[in-house]
Amino acid sequence: MTDRYKRLLREVRECTDALQDGGIILNSAHEIVWFNSAVTNLLGLDPARDRGQRVDNLIRHPDFVAYQEDPEGEVVIPSPRDPERHLAVQLVPYGKGQSLAIIRDVTRQVRLERTRRDFIANASHELRSPLTVISGYLDALAEGGELPESWEAPITETQRQVDRMTTILSDLIELTRLESSEDEAEYELVNVRELLEPIHAEFSGRSKSPRLELRLDAELALLGNESEVHSIFFNLINNAVRFTSEAGDIQIQWRRDGAVAVFSVADTGIGIQEEHIPRITERFYRVDKGRSRETGGTGLGLAIVKHAVQRHNGRLSIESQMGKGSIFECHFPETRVASPRSPQRVVVN
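Residues numbered from 1 in each chain as written. Predicted model: local features only at pLDDT ≥ 70, side-chain atom pairs only at ≥ 80, totals over all residues. Heavy atoms only, no water.

Enquirer: Teacher, can you tell me more about the packing of helix α8 (residues 192-204) against helix α9 (residues 226-242) here?
Expert: A pair of packed helices can be characterised by two numbers: the angle between their axes and the separation between those axes. Put simply, α8 and α9 touch, their axes get as near as 10 Å, and they point 30 degrees apart. The angle between the axes of α8 and α9 places the two elements in the roughly parallel class. By crossing handedness, the relation of α8 to α9 is classed as right-handed. Seen from α8, the contacting residues are Val 192, Leu 195, Leu 196, Ile 199, Glu 202 and Phe 203; seen from α9, they are Glu 226, Val 229, His 230, Phe 233, Phe 234, Ile 237, Asn 238 and Val 241. (Axes fitted to C-alpha atoms, helices over the stretch in contact; angles between N-to-C directions. Helix = DSSP H or I, 4+ residues; strand = E, 2+ residues; numbered from the N terminus. Parallel < 35°, antiparallel > 145°, perpendicular 65-115°, else oblique. Left-handed = near helix turned anticlockwise from the far one by under 90°. Contact = heavy atoms within 4.5 Å.)

Enquirer: Would you explain the environment of Arg 283 in this entry?
Expert: Positionally, Arg 283 belongs in the loop between β10 (260-267) and α10 (289-294). Sequence spacing of Arg 283 and Leu 172 is 111 residues, and the spatial spacing of their C-alpha atoms is 9.1 Å. Here Arg 283 is in contact with Arg 116, Ile 120, Leu 172, Leu 175, Glu 179, Gly 299, Leu 300 and Ala 303, once residues within four sequence places are set aside. Side chain to side chain, Arg 283 and Glu 179 meet in a polar contact 2.5 Å long. (Polar contact = N/O pair within 3.5 Å; in protein donor to acceptor, adjacent residues only side chain to side chain.)

Enquirer: I'm lost on unusual backbone geometry in this one. Help?
Expert: Most peptide bonds take the trans configuration, and most residues that are not glycine carry a negative phi. Within the chain, His 30 stands out as a residue other than glycine whose phi angle is a positive 65 degrees. Along the chain, His 30 falls in the loop between β1 (22-26) and β2 (32-35). Exposure remark for His 30: the relative accessible area of 23% places this residue in the partly exposed category. For Asn 313, which is not a glycine, the phi torsion comes out positive at approximately 60 degrees. With respect to the helices and strands, Asn 313 occurs in the loop between α11 (301-311) and β11 (315-321). (Buried < 20%, exposed > 50% of the residue type's maximum accessible area, 1.4 Å probe, protein only.)

Enquirer: I would appreciate a short explanation of the pairing of β2 in the present structure.
Expert: Side-chain positions along a regular strand alternate between the two faces of the sheet. Pairing of β1 with β2 involves three bridges; the strand directions are antiparallel. Opposite Ile 25, over in β2, you have Trp 34 as the bridge partner. Between β1 and β2, which pair antiparallel one after the other, the connecting turn spans five residues, and His 30 there sits at a positive phi close to 65 degrees. (Pairing = 2+ DSSP bridges.)

Enquirer: Looking at this structure, how should I read the sheet that holds strand β8 (residues 221-224)?
Expert: Strand pairing in a sheet is mediated by backbone hydrogen bonds. Such pairs are either parallel or antiparallel. As summarised here, the arrangement of the three strands in space is β6-β8-β13, forming an open sheet in which the pairing is antiparallel. Sheet topology places β6 (188-190) and β13 (337-338) at the edges, where each strand pairs with a single neighbour.

Enquirer: Where do I start with the side chain of Ser 209 in this structure?
Expert: Examined against the element boundaries, Ser 209 turns out to sit in the loop between α8 and β7 (211-217). Relative accessible area serves as the criterion here: at 14%, Ser 209 is assigned to the buried category. Within the structure, the side chain of Ser 209 is placed 3.0 Å from the backbone oxygen of Phe 203, a separation counted as a polar contact. Setting aside anything within four residues of it in sequence, one finds Ser 209 in contact with Phe 203, Val 241 and Glu 246.

Enquirer: Just checking my understanding: could you explain the pattern of salt bridges for this structure?
Expert: Charged atoms that come close allow side chains of opposite charge to pair. Applying the stated rule across the entire model yields 16 salt bridges. Notably, a salt bridge pairs Arg 85 with Asp 105, separated by 2.7 Å at the nearest N-O pair. One end of the pair, Arg 85, is in the loop between β3 (75-78) and β4 (86-93); the other, Asp 105, is in strand β5 (residues 99-105), and 20 residues separate them in sequence. The salt bridge involving Arg 279 is made with Glu 282; its shortest N-O contact spans 3.0 Å. What you see here is one network of salt bridges that share partners, running through Glu 174, Arg 177, Glu 186, Glu 228 and Arg 311. (Salt bridge = Lys/Arg side-chain N within 4 Å of Asp/Glu carboxyl O.)

Enquirer: Teacher, can you tell me more about the packing of helix α7 (residues 152-180) against α11 here?
Expert: Between α7 and α11, the least distance of the axes is 9 Å, while the angle of their chain directions is 30 degrees. When the interaxial angle is binned, α7 and α11 end up roughly parallel. Of the two elements, α7 crosses α11, and the hand of that crossing is left-handed. For the pair α7 and α11, the contacting residues are Asp 171, Glu 174, Leu 175, Arg 177, Leu 178 and Glu 179 in the first and Ala 303, Ile 304, His 307, Ala 308 and Arg 311 in the second. For the contact of α7 with α11, the class distribution of residues is five nonpolar, one polar and five charged. (Nonpolar A, V, L, I, M, F, W, Y, C, P; charged D, E, K, R; others polar.)

Structure follows, in structure tokens:
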């Protein structure tokens, strides 16, 4: 063992011990070279037995195996020693041809997140009933025709706020469901043309709407959950319409790009500042709070899109320039694409 290797090993030990994290050094074949004492507690590994073993023979969770192939960020998995504990694993380059696996116990964070989701879901469901009652009484008052004229504006505004709250609660319930689901979406055949054309017609028929053009491969289908796919399409188009002026243009495309399928919405709207793009899909994150409320947004649409796309094994990409517009693209893998029988190009203006 060279002096340099000893020094590196000592540094790893000092860092992981100080943080009380697990540390595993792996060679280029993903075989375990060394690990600290915290790994024994977290993963149940034995120094005499497990050194020299491939790490994916000992940590067999499919998410970790997939993460090894593309180690970006970190992956959260159950502990092989105790399924009730959750571990975050991050692989980073270390030395020549080696990598360091840093393992943290994130059980408390996972449980807190689960509690938060459960609370939001339960609170949202409980609030829907009283809102429905309030909405019913407001409708009755508005249609009764016996109210003083001075009450008309307050009743109308109250109705608008109740409708907005109902929409927020519906979006919260949907987002919580998507976040809580650990399974991928179903593989049911989704006729994308039948979903997109009514959405396009709905937004095109609105007053003061920008010009919307729809281009799609009519026979290109998707394998997934129809309701979630509809939510992806509707939220992205709605988002583009809200932030594009009446004189602007929106291009909606459903196309094949090699082996994958791509749904894209490109607008000539106000655009998004670069520093906001990484956070734009967070729940309730607003670039311009005043404008978002003015245009009727809930702040949850893009979060729903992100999670629904992930449930379909896809990825969401965002490009934008201030004053020039934005492009939102959903890339669906080959496993989610139904082979077209006879590709047909359809353009709707």
